[in-house]
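Understanding the architecture of this molecule
So you can see what is in the structure, the chains are spelled out below.
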There are 2 protein chains.
Amino acid sequence: MRVILPAGTTETALIDGISAAGAAPELMAHTPSADVEILAYGEPTGAPVTPVSPTGCPTPAAVTRAVREVVGFDLAVVDAGLARPTAAPTVDLGVDPGATVRDAVAVEDSEAIFDRAHDFGSSLPDDEVLIGETVPGGTTTALGVLTALGEPATVSSSLPENPLERKRRTVDQGLDASDLEPGACATEPMAAIRAVGDPVQPTVAGIAAGALEAGIDVTLAGGTQMVAVAAVLRHAGVEDRLSIATTSFVADEQGERLERACERLECDLVVTDPGFDRRGHVAMERYCAGEAKEGVAMGGALSLVSDDELQAVRERFETICDRLGIGSDGPGETATDGNGEASSDGGKRRGS
Amino acid sequence: MRVILPAGTTETALIDGISAAGAAPELMAHTPSADVEILAYGEPTGAPVTPVSPTGCPTPAAVTRAVREVVGFDLAVVDAGLARPTAAPTVDLGVDPGATVRDAVAVEDSEAIFDRAHDFGSSLPDDEVLIGETVPGGTTTALGVLTALGEPATVSSSLPENPLERKRRTVDQGLDASDLEPGACATEPMAAIRAVGDPVQPTVAGIAAGALEAGIDVTLAGGTQMVAVAAVLRHAGVEDRLSIATTSFVADEQGERLERACERLECDLVVTDPGFDRRGHVAMERYCAGEAKEGVAMGGALSLVSDDELQAVRERFETICDRLGIGSDGPGETATDGNGEASSDGGKRRGS
């Protein structure tokens, strides 16, 4: 199994109150560069920050890395518009950082990015791939694209209190700036991205479309951002079978809306639960409180973990948090837990 | 264990009769880009060629990939001057392709490349790394650097008949063009590379120096090209323990010269033998006939293989040759062979 991780940036993330993917706005541009170093090396090596939310919740990259250290998977990071250098190996598809959706054009060359990503995806020799993302501000651009496509639009948040109204206002401003009405791009998904999207979207969509064309099974690893990519694919006429794998944190926040979106887009839905409520670790508590929720292919990576291995992933996550300097003060796995946890608070649920 | 693979090009490879790292000169520029795709994906995905010698001997990348499929190792490819695109993920250190050694300047910014590579190497969180290379024409630039440093200079070849005199003439022309005498750069190894080296050399040397400074064990995975890098490091005042791991094909060709070079440079030497004489496979026969010999970290990768796993590596190599469209017409492992092969024609030898 190969995990493909397009990583990029959009200036949309700098809009006040939009994203928690960084301790402070000026550090957010480093977040995807640091995330992919954590995936590749286990910690940031070139990037000057360890991505945490303003309250100290560690990036989902730490969870995905924990999965990688336990089950192992091949990784291909794709530069989908990084604004800062990274020491991680990346595939170069010539993608630039995105502008803000409030500009008339958010992604100058969405069509060309899609085409190059399509070539890359169709060249892969794999049987199945899992495609994730890391792009601060990505739920706002997801909302933008869903709105421009005319899809029922709601998105998740890396913040416990979803600033959805703020995102909607931002998207409305973005559509105004591009002189578009909601739904205006229903038959032109690349125009939707160009106006109010981010550069990671055509990269993920292009890789997925190319891989599907080559007969590769594709799972989109993410929450509402991947719903937006799935919508892009369906509006582009891609009819192949498609799965979305996301975390229980997104599913719990979104409730039936997520399942309905997947039904409408004819996507299989896999929901994974890392069982973080079983341990007293401070980082896990923040996830349980609704921070971060998803990102960096976390939900999809967890779908690669058997129930027997979940405890090892949690333990590895703690080790990684220690390595990243994110404190642990919990008592460890509670006494009522054991191995073989197939209970409702650990493992996979499948729907739609 | 992480394998780091700087991959680059030098126009020196285009000098007639220098390199066998491609079926034809015009294809050689694609060789390193294809090699790293084979390592990353198991076959060329974006590059338009499968690197073979003019007689059809497959690139050592196929052997290193076979090792990777059997024992698994983390991979970080570094763009050390690729002249053609690659679909493999690469670390970007801003390295340009090298000019020919016959120009006054072969590597414009050798010092700056070394410094950036040093930063990268010192940032790695690993306990041990193995650093390889893929650069067609690299034994000629190795000869150039050894000569400019004033080291006893002899190098291996990817051809069965080593065109050593041709390489010496090329290096002499290169030193003339740079207005240098042999030995003139003994205290300035980056000047040696600038005049008659290639961009992969300061990348490997810089990563090694940085990693050693960070307390990481370093093995240079390669033959006489890595002797040249070890000489660069020693002439740069790096005194840490250093190993070179290469194939029996190089060791057999070089005989005592290789051991003496390692002694003089205070490098441990590990010689690995894939046991290719045990099977009738056409690609293995070419290696046994002295083609290719080494490259793409082949010798170092084989040092990661236990004797018990060697047969699996040979079998995987055959599978990969099939995948690459390189014919098999042999009878498979001969009847006298079994498992647990610790005999003289399969396994590791250690020296110096």
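These numbers come from a predicted model, not from an experiment.

Focus on the overall build of chain A
For chain A, the count of helices and strands is 14 helices and eight strands. Computed over the C-alpha atoms, the radius of gyration of chain A is 18 Å, within 12% of the 20 Å expected from 2.2 N^0.38 for a compact globule of 352 residues. For chain A, the spread of C-alpha atoms along the principal axes amounts to about 60 × 40 × 35 Å. Only carbon and sulfur atoms are counted for the fraction: they give 44% of the accessible area of chain A, which is about 12,200 Å². Distance between charge centroids for chain A: 3 Å, based on 26 positive and 57 negative side chains.

Notes on the relation of the copies chain A and chain B
Once chain A is rotated about the relating axis by 180° and shifted along it by 0.0 Å, it coincides with chain B to within an RMSD of 0.0 Å. The superposition of one copy onto the other is thereby described by a two-fold rotation axis. Mapped onto chain B, 100% of the interface residues of chain A are again interface residues, and the two copies thus contact each other with one and the same surface.

Some points on the interface of chain A and chain B
Listed per partner, the contact involves 19 residues of chain A and 19 residues of chain B. Approximately 1,400 Å² of surface area, both sides summed, lies buried where chain A meets chain B, with 55% of it carried by carbon and sulfur atoms. Sorting the residues of chain A by area buried against chain B places Tyr41(A), Pro89(A) and Pro125(A) first, and these three jointly supply 33% of that buried surface. Close ionic contact of Asp74(B) with Arg68(A) constitutes a salt bridge, the shortest N to O distance being 3.9 Å. Contributing elements (two or more residues each) for the side of chain A that touches chain B: helix 2 (31-41), strand 2 (74-80), strand 3 (90-95) and helix 4 (110-123) of chain A. In terms of residue count, strand 2 of chain A provides more of the side of chain A that touches chain B than any other element does, four residues in total. When the residues that make up the side of chain A that touches chain B are grouped by side-chain class, the tally is 12 nonpolar, three polar and four charged.

Digging into the packing of aromatic side chains
All chains considered together, the criterion is met by 12 aromatic pairs over all chains. Residues Tyr41(A) and Phe120(B) carry aromatic rings whose centres are separated by 6.4 Å and whose planes lie at 65° to one another, so their mutual orientation is edge-to-face. One end of the pair, Tyr41(A), is in helix 2; the other, Phe120(B), is in helix 4 (residues 110-123), on a second chain. Given a relative accessible area of 3%, Tyr41(A) falls into the buried group. The structure contains a cluster of three or more aromatic residues connected by ring pairs, namely Phe249(A), Phe276(A), Tyr287(A) and Phe317(A).

Some points on the pairing of strand 1 (residues 2-7) of chain B
Consecutive side chains along a regular strand alternate between the two faces of the sheet. Residues and elements named next belong to chain B. Within strand 1, six of the six residues are buried, which leaves it mostly tucked inside the rest of the structure. Neither face of strand 1 is open: one carries Arg2, Ile4 and Pro6, the other Val3, Leu5 and Ala7, and all of them are buried. Pairing of strand 1 with strand 2 (residues 74-80) involves six bridges; the strand directions are parallel. The partner of Arg2 across the bridge, within strand 2, is Asp74. Here strand 1 runs beside strand 4 (residues 128-131); their pairing, made up of three bridges, is parallel. Bridge pairing in strand 4 links Ile4 to Ile131.

Describing the packing of helix 5 (residues 138-149) of chain B against helix 7 (residues 189-196) of chain B
Residues and elements named next belong to chain B. Where helix 5 contacts helix 7, the axes come no closer than 9 Å and their chain directions differ by 135°. Between helix 5 and helix 7, the angle falls in the class oblique. Note that helix 5 runs across helix 7; the crossing there is right-handed. Side by side, helix 5 and helix 7 meet where Thr141, Gly144, Val145, Ala148 and Leu149 of the first sit next to Pro189, Ala192, Ile193 and Val196 of the second. The residue inventory of the contact of helix 5 with helix 7, partitioned by class, reads seven nonpolar, two polar and no charged.

Some words on the layout of surface pockets
Of the voids in this model, the largest pocket is the one considered here, and its volume is about 600 Å³. Contributing to the lining of the largest pocket are 31 residues, with Thr86(A), Thr90(B), Val91(B), Asp92(B) and Leu93(B) lying nearest its centre. Residue composition of the lining of the largest pocket, by class: 14 nonpolar, eight polar and nine charged.

Cut-offs used in this document
- Residues numbered from 1 in each chain as written.
- Chains lettered and ligands numbered in written order.
- Predicted model: local features only at pLDDT ≥ 70, side-chain atom pairs only at ≥ 80, totals over all residues.
- Heavy atoms only, no water.
- Helix = DSSP H or I, 4+ residues; strand = E, 2+ residues; numbered from the N terminus.
- Rg over C-alpha atoms; globule rule 2.2 N^0.38 Å.
- Areas by Shrake-Rupley, 256 points an atom, 1.4 Å probe, with all protein chains shown as cover.
- Lys, Arg positive; Asp, Glu negative; His and termini not counted.
- Charge placed at Lys NZ, Arg CZ, Asp CG, Glu CD.
- Least-squares fit on C-alpha atoms with pLDDT ≥ 70 in both.
- Contact = heavy atoms within 4.5 Å.
- Buried area = accessible area lost by both parts, 1.4 Å probe.
- Salt bridge = Lys/Arg side-chain N within 4 Å of Asp/Glu carboxyl O.
- Nonpolar A, V, L, I, M, F, W, Y, C, P; charged D, E, K, R; others polar.
- Phe/Tyr/Trp six-rings, centres within 6.5 Å; stacked < 30°, edge-to-face > 60°.
- Buried < 20%, exposed > 50% of the residue type's maximum accessible area, 1.4 Å probe, protein only.
- Pairing = 2+ DSSP bridges.
- Axes fitted to C-alpha atoms, helices over the stretch in contact; angles between N-to-C directions.
- Parallel < 35°, antiparallel > 145°, perpendicular 65-115°, else oblique.
- Left-handed = near helix turned anticlockwise from the far one by under 90°.
- 1 Å grid on protein atoms, 1.4 Å probe; cavity = no way out; pocket = protein on both sides within 12 Å on 5 of 7 lines; lining within 4 Å.
- Points joined across faces, edges and corners; volume = space filled by probe spheres on them.

Take it as geometry only, folks, not as evidence of what the structure does.
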